[in-house]
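Reading the structure
Spelled out from the first residue to the last, the chains are:
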Amino acid sequence: MTRKAPDGDFDDSEMEVAKPKTWAAGVPGVTAALRQSYEQMGVRRTALTLLRVNQKKGFDCPGCAWPEGDHRHVAEFCENGAKAVAEEATTRRVTRAFFAEHTVAELAERSDHWLGQQGRLTEPMLKRAGSEHYEPVSWDEAFGLLASELTALESPDEAVFYTSGRTSNEAAFAYQLFARAFGTNNLPDCSNMCHESSGSALSETIGIGKGSVLLDDLYQADLIFVVGQNPGTNHPRMLSALEKAKKEGARIIAVNPLPEAGLMRFKNPQRPSGVTGQGTVLADRFLQIRLNGDLALFQALNRMLLESDAPEAVDQEFLDAHSHGFDAFRKHVLGLDWDEVLEATGLTRGEIAATLGDVLGAKRIIVCWAMGLTQHRNSVPTIREIVNFLLLRGNIGRPGAGVCPVRGHSNVQGDRTMGIWEKPKPAFLDALAAEFGFEPPREHGVDTVDAIRAMRDGKARVFLGMGGNFVRATPDSAVTEAALRSCRLTAQVSTKLNRSHAVAGELALILPALGRTERDDQESGPQFVSVEDSMGMVHASRGRLAPASGDLLSEVSITCRLARAALPGSGIGWDAMERDYDVIRDHVSRVVPGFADYNARIREPDGFTLPHAPRDERRFPTATGKANLTVNALEVLRVPEGRLLLQTVRSHDQYNTTIYGLDDRYRGIKAGRRVVFVNPADLSGLGIADGAMVDLVSEWSDGTERRAPAFRVVSYPTAPGCAAAYFPETNVLVPLDSTAEVSNTPTSKSIVIRLEPA
Ligand SMILES: Nc1nc2c(c(=O)[nH]1)N[C@H]1C(S)=C(S)[C@@H](COP(=O)(O)OP(=O)(O)OC[C@H]3O[C@@H](n4cnc5c(=O)[nH]c(N)nc54)[C@H](O)[C@@H]3O)O[C@H]1N2
Ligand SMILES: Nc1nc2c(c(=O)[nH]1)N[C@H]1C(S)=C(S)[C@@H](COP(=O)(O)OP(=O)(O)OC[C@H]3O[C@@H](n4cnc5c(=O)[nH]c(N)nc54)[C@H](O)[C@@H]3O)O[C@H]1N2
Ligand SMILES: [Mo]
């Protein structure tokens with residue numbers, strides 16, 4: 001039976017709930033991936049495509065940003081990478097007949113899953129003012145329309161240029177150049193909702209907003225923390241690296257409110273033993289922390305290190321030579337209140353003391369993290385405290401040690417490096433001005449949340465999305481949808497149909513783009529692009545499949561042609577850039593530090609690694625010239641009686657807003673997504689039974705409430721007081737104004753809710 005929710009229909013009538021798994025990957029993983037690939041691509045195309053993922057002459061996997069390593073062997077892909085590829089390389093097509101059949105309003109009634117299942121977009125489409133349908137439009141007309149709407153704006157700041165993280169370096173560089181030549185720094189991106197907190201905390205403390213470890217460091221580490229991350233689903237290839245690290249002697253500590261399958265036991269599908277054996281137990285210690293308890297945990301470890309009599313508990317020599325702020329930090333941490341630590345973490349003092357034992361026994365420590373740390377109100381202080389923890393024992397800037405924020409989208413880090421940022425550094429703008437001979441705007445632009453506010457308030461009128469699914473990825477769905485609908489023009493450069501096409505401005509354009517897997521032929525011949533992984537390694541990506549339709553353009557072409565139409569007198573060589581991407585890379589080599597000789601080095605089989613001052617030379621380019629120890633107040637997040645703290649997570653069968661299927665195999669869910677995972681003790685306290693139907697109602701400090709209807713309660717071993725449910729169905733619960741300090745990232749991992757019988 002299909003039922004309705006405000007964000008589309010859904011059918012949970014076949015839902016099954018079983019016990020969660022305690023291990024990940026192995027044969028069922030590969031089989032599941034191949035089944036979905038066959039369905040989308042057929043057997044021959046599956047074989048041809050999957051063999052090229054992450055190969056030296058192949059394309060970069062669009063799945064995640066985990067690095068490839070230098071051992072790229074056949075089948076260096078994972079279950080979820082295969083699903084990402086199948087989603088793009090599908091043989092299904094969305095044609096003009098489809099749009100003639102479905103009105104835009106009808107499409108808005110459909111689920112994310114249904115929309116994605118329709119296949120690849122094939123030609124540019126326009127929804128005219130007052131029309132109920134998208135109709136075919138020529139590329140020239142589409143660019144003409146966008147250009148005339150952009151130039152009709154009173155100020156360039158009334159336009160918003162969003163980017164998702166799959167865009168290549170070449171396209172990203174051209175795109176930010178266009179936005180700045182047009183006159184605005186309104187370049188929000190998915191990073192604003194993702195690792196912005198990591199970038200903010202790391203820039204301030206170590207002087208560069210990127211991770212400081214390479215793959216080899218993992219293999220030299222004595223101790224690896226995996227905090228707030230579910231690699232079994234979201235970075236499956238990381239499990240192979242963790243397995244190897246263990247073999248080389250590392251201990252692993254998982255810090256998570258959920259006992260995620262991949263962290264517990266891993267069966268490596270790339271090795272024969274993974275097919276039959278028990279697999280490797282990955283986490284030596286599992287700290288089942290309360291949501292938002294991480295600042296307290298690391299501050300407690302820091303306090304114990306400062307108080308420890310163990311020899312070399314603290315690396316005083318490193319601190320004296322390289323750090324700033326030790327005295328204030330020490331004074332603050334020694335005042336830490338243990339009762340608050342236990343309340344915030346939900347851990348026992350014994351567990352924290354045992355963890356300290358692991359730390360004291362480890363010369364080299366790495367901390368990895370992802371969204372479990374970055375999407376809270378105090379995310380930036382939390383990550384700063386982790387930097388304190390590493391600095392105390394000199395664990396930054398030496399082999400086997402460091403910070404490892406694990407990025408999401410496959411080129412989200414590269415996009416930032418290329419200048420996709422609403423707060424560009426003056427040095428970057430100076431270099432742009434020198435290279436292209438125009439004066440770029442200096443005033444900061446809007447990030448994602450401020451872009452929504454600007455559209456809501458009528459201050460932004462044209463929205464262009466370079467990839468992504470803005471209305472579904474962002475918080476406060478009702479507010480965001482109204483904001484987009486109030487625009488004069490919304491335009492989406494996309495590969496697949498999604499809700500952002502259905503929640504449209506007065507005028508709306510769909511601009512269909514080539515994907516990673518496809519050949520990109522330009523006048524000068526076949527092109528390749530490049531991407532930067534989570535560890536700052538840059539390498540080439542070449543698609544080989546025939547494009548999904550003859551009418552697709554590359555993201556580079558779309559950007560350059562739009563720029564030509566909108567900025568006829570810019571004097572920038574858009575034609576040359578489109579004709580030959582080497583020309584773009586030559587520009588980049590003169591504008592972006594670390595890219596000298598880009599065109600030569602990108603042609604090396606493994607590409608090249610970008611410089612990283614703290615990692616390479618223990619140099620910290622911060623405001624003080626040293627690594628900054630910081631003072632971070634511990635504020636325990638207290639939840640009123642009868643309420644739960646909700647985190648919004650990914651299921652095993654989705655890629656952000658793309659829903660591949662309706663199962664979450666490792667967590668025991670089949671054929672449904674509207675579930676809320678709650679600890680059994682909380683359920684009995686609330687008098688709610690496993691299997692009950694509830695509405696999730698979030699309560700925000702300004703007295704407003706938001707409701708997500710009809711969720712099945714699943715009794716689940718999550719930390720007490722901490723619930724979990726999938727995004728994007730729960731984005732409606734996150735208030736627009738509920739964002740992290742400094743980074744302004746929506747607090748998708750800590751929302752106070754109550755359960756109401758549905
Ligand atoms: N297959 C697949 N791969 C993906 C994606 C996808 O959707 N599907 N998305 C990509 C993107 S863009 C990103 S950013 C990454 C996301 O990768 P993850 O960060 O792994 O994704 P989430 O599902 O948000 O999982 C958050 C994890 O943090 C834990 N957690 C939540 N709150 C807290 C907390 O307060 N403290 C601690 N210690 N843990 C907490 C949750 O229980 C969960 O295990 O994955 C990328 N890769
Ligand atoms: N509640 C909650 N909200 C969240 C999160 C959360 O954990 N909880 N996570 C946040 C995070 S970490 C992120 S990164 C954002 C993700 O935000 P986005 O990056 O905006 O969303 P995606 O779902 O990754 O975008 C999917 C769409 O991208 C398009 N696409 C795919 N490949 C390509 C390509 O190669 N080129 C082009 N032009 N288009 C392409 C397809 O049309 C597809 O429909 O969501 C954020 N929102
Ligand atoms: Mo992300």
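Report follows, based on the coordinates. (Residues numbered from 1 in each chain as written. Chains lettered and ligands numbered in written order. Predicted model: local features only at pLDDT ≥ 70, side-chain atom pairs only at ≥ 80, totals over all residues. Heavy atoms only, no water.)

Let us look at the site of ligand 1. Every one of the 32 residues lining ligand 1 counts as a neighbour, but Asn256, Glu260, Asp294, Gln654 and Asn656 are closest to it. Between threonine 233 and ligand 1, the recorded distance is 3.2 Å, taken from a backbone N or O atom to a nitrogen atom. Here an oxygen atom of ligand 1 and a backbone polar atom of glycine 372 are 3.4 Å apart. Burial of ligand 1 by the protein amounts to 99% of the accessible area it has alone, namely 920 Å². Taken together, the elements giving at least two residues each to the shell around ligand 1 come down to helix H11 (231–234), helix H20 (371–374), strand S27 (644–649) and strand S28 (654–655). The residue inventory of the shell around ligand 1, partitioned by class, reads 12 nonpolar, 16 polar and four charged. (Near = heavy atom within 4 Å. Polar contact = N/O pair within 3.5 Å; in protein donor to acceptor, adjacent residues only side chain to side chain. Areas by Shrake-Rupley, 256 points an atom, 1.4 Å probe, with all protein chains shown as cover. Helix = DSSP H or I, 4+ residues; strand = E, 2+ residues; numbered from the N terminus. Nonpolar A, V, L, I, M, F, W, Y, C, P; charged D, E, K, R; others polar.)

Moving on, we get to the sheet that holds strand S32 (residues 693–699). To summarise the sheet geometry, strands pair through backbone hydrogen bonds and adopt either a parallel or an antiparallel arrangement. The strand order S27-S34-S31-S33-S32-S35 describes a closed barrel built from six strands, whose pairing is mixed. Here the average twist between neighbouring strands, direction ignored, is 45°. Relative to strand S34 (residues 722–726), S27 runs parallel, the two being bridged by five bridges. Counted as the bridge partner of leucine 645 is cysteine 722 from S34. (Pairing = 2+ DSSP bridges. Axes fitted to C-alpha atoms, helices over the stretch in contact; angles between N-to-C directions.)

Looking now at the sheet that holds strand S18 (residues 462–466). Spatially, the six strands line up as an open sheet ordered S8-S7-S20-S19-S18-S9, and their pairing is mixed. The sheet is open, and its two edges are formed by strand S8 (135–136) and strand S9 (159–163), each paired on a single side. Both S9 and S18 contribute to a ladder of five bridges, which runs parallel. Opposite valine 160, over in S18, you have phenylalanine 463 as the bridge partner. Along the sheet face, helix H8 (residues 169–182) touches S9 and S18 and points at about 170° away from the line of S9. (Contact = heavy atoms within 4.5 Å.)

Another aspect to go through is the packing of aromatic side chains. Evaluated as defined, the whole model comprises 22 aromatic pairs. Here the aromatic rings of phenylalanine 98 and phenylalanine 99 are separated by 5.4 Å at their centres, their planes lie at 90°, and the arrangement is edge-to-face. Phenylalanine 99 shares its class with phenylalanine 98; the two are buried. Geometrically, the ring pair formed by phenylalanine 677 and tyrosine 726 is edge-to-face, given 5.9 Å between the ring centres and 75° between the ring planes. (Phe/Tyr/Trp six-rings, centres within 6.5 Å; stacked < 30°, edge-to-face > 60°. Buried < 20%, exposed > 50% of the residue type's maximum accessible area, 1.4 Å probe, protein only.)

Time to look at the nonpolar core. Counting residues in each nonpolar core, the largest one holds 63 residues, and the members touching the most others are Leu146, Leu150, Phe161 and Phe178. Sorting elements by how many residues they give to this core places H8 first, with eight residues. In contact with phenylalanine 161, not counting residues within four places along its chain, are Leu150, Tyr175, Phe178, Ala179, Phe182, Thr184, Asn186, Leu187, Pro188 and Leu464. (Core = buried A, V, L, I, M, F, W, Y, C linked by side-chain atoms within 4.5 Å.)

This part covers the site of ligand 2. Near ligand 2 there are 29 residues, and of these Tyr162, Ser164, Ala473, Glu555 and Thr657 occur at the shortest range. One nitrogen or oxygen atom from the side chain of arginine 166 is found 3.1 Å from a nitrogen atom belonging to ligand 2. Interatomic distance of 3.1 Å between a side-chain N/O atom of arginine 650 and a nitrogen atom of ligand 2. Within the complex, 96% of the 930 Å² of free accessible area of ligand 2 lies under protein. Grouping the amino acids of the shell around ligand 2 by side-chain chemistry returns nine nonpolar, 15 polar and five charged.

Before going further, it helps to examine helix H17 (residues 326–334). Because each turn of an α-helix spans 3.6 residues, side chains separated by three or four positions in sequence point in the same direction. Buried residues of H17: Phe326, Phe329 and Val333, and no others. Angularly, the buried residues of H17 cover 65° about the axis, an arc narrow enough to put them on a single face. Facing away from the buried side of H17 by over 90 degrees, the exposed positions are Asp327 and Lys331. On its buried face, H17 sits against helix H15 (294–307), helix H16 (316–322), strand S15 (323–324) and helix H21 (379–392). (Arc of directions from axis to C-beta.)

On to the side chain of glutamate 578, then. Along the polypeptide, glutamate 578 turns up in helix H29 (residues 574–579). Side-chain polar atoms of glutamate 578 contact the side chain of arginine 561, separated by 2.8 Å. There is a polar contact of 3.4 Å between the side chain of glutamate 578 and the side chain of arginine 564. Once residues within four sequence positions are removed from consideration, glutamate 578 is found in contact with Gln522, Val556, Ser557, Cys560, Arg561 and Arg564.

Geometric values such as these leave the question of function open.
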